[in-house]
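Each chain, letter by letter, is given below.
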Amino acid sequence: MKKLLVINACVICNKSRTDRLLRTWLETVNRDKEYEIEEVVLEQEHICGLTSETLEQRNQLIAAKDFQHAMFRYARQLKDADEVAIAAPFWDLSFPAALKCWLEAVCVSGVTFRYLPDGTPEGLCRGERLTYITTAGGYFFERNDGYEYVKMLCSMFGIPETQQISAEGLDIVGNDAEAILQKTEKEIRQKP
């Protein structure tokens, strides 16, 4: 059975429009029950950014190649996943801070990537695809910088394919948010 890692960066999951799209995508992508789904709800994890103390500890553990330490559990989860989904609302031109903290926690040289002798990174993750699911009250216009950032990290991690699923303009006066969400859900069901 394949392993699907879901990173839920939605705030107030039970009321989140992004979480709603995530649930539709999960039902669609796993309709044949080929995935074992492991969901990490960041609001419940309380992951903190690195401090001088935790960075020193992390560097010592990396130097000792002690990757079984609890500090690296998120990186190990990512490395071992066959597919990854991130659900994150469009927030302050990117995504909620909790997702940035998770991304910092999974960027571990020796677990999710390593440096080659010439200094270029080589991905160590086995995942084939990352799906980024998001909603926005307004519009991205030219691009979603949050998705672009995650996409760049995927190339470093060795995850070759990324896709974005989004519903935009949900809070624009005159737009029918429910109709936009239903249209996006219909698109998800047609092509996971």
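For the structure, see preceding data.
The structure presented is a predicted model; accordingly, all values stated were derived computationally and were not measured.

Undergrad: So what about the overall build of the chain? Which residues, and what values?
TA: When helices and strands are counted, the chain shows seven helices and seven strands. Start at the N end of the chain and walk to the C end: the helices and strands fall as β-α-β-α-α-α-β-α-β-β-β-α-β-α. Computed over its C-alpha atoms, the radius of gyration of the chain comes to 17 Å, within 12% of the 16 Å expected for a compact globule of 192 residues. For the chain, the C-alpha atoms occupy an extent of roughly 55 × 35 × 35 Å along the three principal directions. Counting over 192 residues, the chain shows a buried share of 44%. Across the chain, the fraction of contacts at a sequence separation of at least 24, relative to all contacts at a separation of at least 6, is 77%. For the chain, the exposed surface amounts to about 10300 Å²; the carbon and sulfur share of it is 51%. Mean positive and mean negative side-chain charge positions of the chain (23 and 30 charges, respectively) differ by 3 Å.

Undergrad: How would you sum up the pattern of salt bridges? Please name residues and give values.
TA: Applying the stated rule across the entire model yields 11 salt bridges. Glu178 is the partner of Arg20 in a salt bridge, and the nearest nitrogen-oxygen pair spans 2.7 Å. Pair noted here: Arg20 is in helix α1 (residues 17–29) and Glu178 is in helix α7 (residues 177–190), with a separation of 158 residues, a long-range link. With relative accessibility at 27%, the residue Arg20 sits in the partly exposed group. Look at the salt bridges and you will find they share partners, linking Asp19, Arg23 and Glu39 into a network.

Undergrad: Can you lay out the pairing of strand β2 (residues 35–41) for me, pointing to particular residues and giving the numbers?
TA: Across seven bridges, strand β1 (residues 2–8) lies against β2 in parallel orientation. The partner of Val6 across the bridge, within β2, is Glu39. The handedness of the β1 to β2 crossover, carried by α1, is right-handed.

Analysis parameters
Residues numbered from 1 in each chain as written. Predicted model: local features only at pLDDT ≥ 70, side-chain atom pairs only at ≥ 80, totals over all residues. Heavy atoms only, no water. Helix = DSSP H or I, 4+ residues; strand = E, 2+ residues; numbered from the N terminus. Rg over C-alpha atoms; globule rule 2.2 N^0.38 Å. Buried < 20%, exposed > 50% of the residue type's maximum accessible area, 1.4 Å probe, protein only. Contact = heavy atoms within 4.5 Å. Areas by Shrake-Rupley, 256 points an atom, 1.4 Å probe, with all protein chains shown as cover. Lys, Arg positive; Asp, Glu negative; His and termini not counted. Charge placed at Lys NZ, Arg CZ, Asp CG, Glu CD. Salt bridge = Lys/Arg side-chain N within 4 Å of Asp/Glu carboxyl O. Pairing = 2+ DSSP bridges. Right-handed = clockwise from strand over helix to strand, strands pointing away.

All we've got here are geometric facts, nothing functional implied.
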